[in-house]
Amino acid sequence: MSKDIKIKKGLDINLKGAAAEVLETAIVSKYFSIRPEDFHGVTPKLTVKVGSKVKAGEALFYAKSNEDLKFPSPVSGEVIEISRGEKRRVLAIKIEADQTQEYVEHAAINLDTISAEDLKSYLLASGCWPFIKQRPYDVIANPNVAPKAIFVSAYASAPLAADYDFTLKGKEAEIQAALTALAKLTPGKVHVSVGKNSNSVFSSLNGFELHQVSGPHPSGNVGTQIHHIDPITTGATVWTSTPQDLVIIGELLLTAKFNAERIIALTGSSIKKPRYFKTKIGSEVSTMIYDNGVDKGANDRVISGNVLTGKQVNADGVLDF
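Given the structure is predicted, the values throughout are model-derived calculations rather than measurements. Per chain, residues are indexed from 1 in the order of the written sequence. Local features in this predicted model are restricted to residues of pLDDT 70 or higher, and side-chain atom pairs are both shown and tallied only at a pLDDT of 80 or more, whereas totals for entire chains, interfaces and linings draw on every residue. Side-chain numbers here rest on the full set of heavy atoms in the structure, without hydrogens or water.

Let's talk about the packing of aromatic side chains
Next up, step 1: In this scheme Phe, Tyr and Trp rings, the latter by its six-membered ring, pair at centre separations within 6.5 Å, and the angle between planes marks the pair as stacked below 30 degrees, edge-to-face above 60, and tilted otherwise. For the structure shown, the criterion picks out 9 aromatic pairs.
Next up, step 2: When the centroid spacing of 4.9 Å and the interplanar angle of 65° are considered together, the rings of Phe39 and Phe321 count as edge-to-face. Residue Phe39 is found in the loop between β3 (31–34) and β4 (44–46), and its partner Phe321 is found in the segment after β19 (311–313); the two are separated by 282 residues along the sequence.
Next up, step 3: Residue exposure (1.4 Å probe, protein chains only): buried if accessible area is under 20% of the type maximum, exposed if over 50%, otherwise partly exposed. According to the relative accessible area criterion, Phe321 is buried, its value standing at 13%.
Next up, step 4: For the ring pair Phe131 and Phe321, a centre distance of 5.0 Å and an interplane angle of 15° mean the geometry is stacked. Within this pair, whereas Phe131 is found in the loop between α1 (116–126) and β10 (133–135), its partner Phe321 is found in the segment after β19, the two being separated by 190 residues in sequence. Phe321 matches Phe131 in its accessibility class, with the two residues each being buried.
Next up, step 5: In this structure an aromatic cluster arises from ring pairing among Phe39, Phe61, Phe71, Phe131, Phe258 and Phe321.
Next up, step 6: Charges are assigned to positions over rings by a cutoff of 6 Å between ring centre and Lys NZ or Arg CZ, combined with an angular limit of 35 degrees from the ring normal. Over the ring of Tyr31 we find Lys94; its NZ or CZ atom is 4.8 Å from the centre of that ring. Runs of E in the DSSP output that reach at least two residues are strands. Runs of H or I that reach at least four are helices, and both are numbered from the N terminus.

Okay, structure coming up:
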């Protein structure tokens, strides 16, 4: 049975520069980078070196603690740089993208008949497992421990956050496939929360419990929703994922290809035309903010993520995984 959530405590911060519902394709980035620091608690073991040719979806590294946990390249191309820090810690793997993209071809699967264990192996081998997080601690989910429930927040209440009702249009098939898969991975329920009275794509889908959320921020935070729907008890874990991650997972399940496409909102009072851009994980931030957004040399701060919990990045930085 669904459970509507009404949050009374919180605060909506009305900032200028919300994105208009206009979607454009960002300038295609020539270089892409993946940073192991995006994955909390993961010590990377490289599977590539400078000069290696990779396909989109091919593993760049795996977790030292679990060789089955792989982290894929968002594009095909050549590894041109591996940045290291103190004690030779890997900071980033930089790839020069091919003009014509090649993808790793995974085996096709039947979602109706595949077992939970085979599904886990498939998501691990394809590089999609890092999109599934675990609470407590918000780390990559442990595939060896079944969660008591899985949560997806499709309501963004943070200031200037991307509108899921807009960014997910036309992605119903991919999202349904991902939700069907997640339901196989828990003995409990899959919970999806949307804004009250929203025109959400999830309203037409099935296989999960749908909740309507209202109230000020942080009503859209998945942790807030977990607390109100099914709180984490001692010794238990729950898993979470985001709607755009579901799209990538679902596309893999339907097409057997890892497509690292993202739709991001370029927002803020300094932006000339706040709107949405289609890009890819690891893309250079400069392909979106210059010309399309702010002037070079302007005294602006670039934040990856929302303005409350995001992190500052350089103009020559990259989009997080």
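Don't stop here, the text continues.
Some details on the nonpolar core
Next up, step 1: Buried Ala, Val, Leu, Ile, Met, Phe, Trp, Tyr and Cys residues form a nonpolar core when they are joined through side-chain atoms within 4.5 Å. In this structure, Leu123, Trp129, Ile175, Leu179, Val192, Phe202 and Leu253 are the most contacted members of the largest nonpolar core, which totals 61 residues.
Next up, step 2: Among all residues touching Phe202, those that are not within four sequence positions of it are Ala154, Leu168, Ile175, Leu179, Val192, Val194, Phe208, Leu210, Pro243 and Leu246.
Next up, step 3: Of all hydrophobic cores here, the second largest spans 13 residues; its members include Leu266, Ile271, Val285 and Leu319. Should any heavy atoms of two residues lie within 4.5 Å, those residues are considered in contact.

Focus: the sheet that holds strand β9 (residues 90–97)
Next up, step 1: Only strands joined by at least two bridges in the DSSP assignment are considered to pair. Strand order in the open sheet formed by 4 strands is β3-β9-β8-β5, with antiparallel pairing between adjacent strands. Edge positions in the open sheet fall to β3 and β5 (53–54), since each of these has one partner strand only.
Next up, step 2: Taken together, the 2 bridges between β5 and strand β8 (residues 77–84) define a ladder with antiparallel strand orientation. Counted as the bridge partner of Val54 is Gly77 from β8.

Structural notes on the pattern of salt bridges
Next up, step 1: Here, a salt bridge means any side-chain nitrogen of Lys or Arg that lies within 4 Å of a carboxyl oxygen of Asp or Glu. Taken as a whole and assessed by the stated rule, the structure comprises 14 salt bridges.
Next up, step 2: The shortest N-O distance in the salt bridge between Asp320 and Arg35 comes to 2.3 Å. Residue Asp320 is located in the segment after β19, and its partner Arg35 is located in the loop between β3 and β4; the two are separated by 285 residues in the primary sequence.
Next up, step 3: The class of Arg35 is buried, set by a relative accessible area of 17%.
Next up, step 4: The residue Lys311 makes a salt bridge to Asp320 at a minimum N-O spacing of 3.6 Å.
Next up, step 5: With relative accessibility at 32%, the residue Lys311 sits in the partly exposed group.
Next up, step 6: Counted as one network, the salt bridges with shared partners bring together Arg35, Glu37, Asp38, Lys311 and Asp320.

Topic: the environment of Tyr137
Next up, step 1: Take Tyr137: it is sitting in the loop between β10 and β11 (139–140).
Next up, step 2: Overall, the relative accessible area of 72% leaves Tyr137 in the exposed class.
Next up, step 3: Linking Tyr137 and Ile281, residues 144 residues apart in sequence, is a C-alpha distance of 23 Å.

Some words on unusual backbone geometry
Peptide bonds are trans in most cases, and residues, glycine excluded, mostly fall at negative phi.
Next up, step 1: Note the cis peptide between Arg135 and Pro136, where omega equals 5°.
Next up, step 2: Note on placement: Pro136 falls in the loop between β10 and β11.
Next up, step 3: A cis amide bond, omega 20°, links His217 with the succeeding residue Pro218.
Next up, step 4: Although it is not a glycine, Lys87 sits at a positive phi angle of roughly 55°.
Next up, step 5: The topology assignment puts Lys87 in the loop between β8 and β9.
Next up, step 6: The backbone phi angle of Tyr137 is positive, close to 85°, even though this residue is not glycine.

Brief notes about the sheet that holds strand β6 (residues 59–63)
Next up, step 1: Reading across the sheet, the 3 strands line up as β4-β6-β7 and stay open at both edges, with antiparallel pairing between neighbours. Each edge of the open sheet carries a strand with a single partner, namely β4 and β7 (66–72). Sheet twist, expressed as the average angle between the axes of neighbouring strands with direction ignored, equals 40°.
Next up, step 2: Bridging between β4 and β6 involves 3 bridges; their strand directions are antiparallel. Bridging across to β6, Leu46 finds its partner in Phe61. Note on geometry: axes are lines fitted to C-alpha atoms, helical ones only across the stretch in contact, with angles between N-to-C directions running from 0 to 180 degrees.

Examining α1
Counting along an α-helix, one turn takes 3.6 residues, and residues three or four places apart therefore face a common direction.
Next up, step 1: All of the buried residues along α1 are Leu119, Lys120, Tyr122, Leu123, Leu124 and Ser126.
Next up, step 2: Residues of α1 that are buried make contact with β7, α3 (172–183) and α5 (243–255).
Next up, step 3: Downstream of α1 by one or two residues, Gly127 has phi in the positive range, about 90°.

Here's the deal with the pairing of strand β12 (residues 149–153)
Next up, step 1: The buried count for β12 comes to 5 of 5 residues, which makes it a mostly enclosed element.
Next up, step 2: Burial along β12 is two-sided: the residues Ala149, Phe151 and Ser153 and Ile150 and Val152 are all buried.
Next up, step 3: Inspection of the sheet shows β12 paired to strand β13 (residues 189–195) by 5 bridges, in the parallel sense. Bridge pairing in β13 links Ser153 to Ser193.
Next up, step 4: Taken together, the 3 bridges between β12 and strand β15 (residues 238–241) define a ladder with parallel strand orientation. Bridge pairing links Phe151 to Thr240 in β15.

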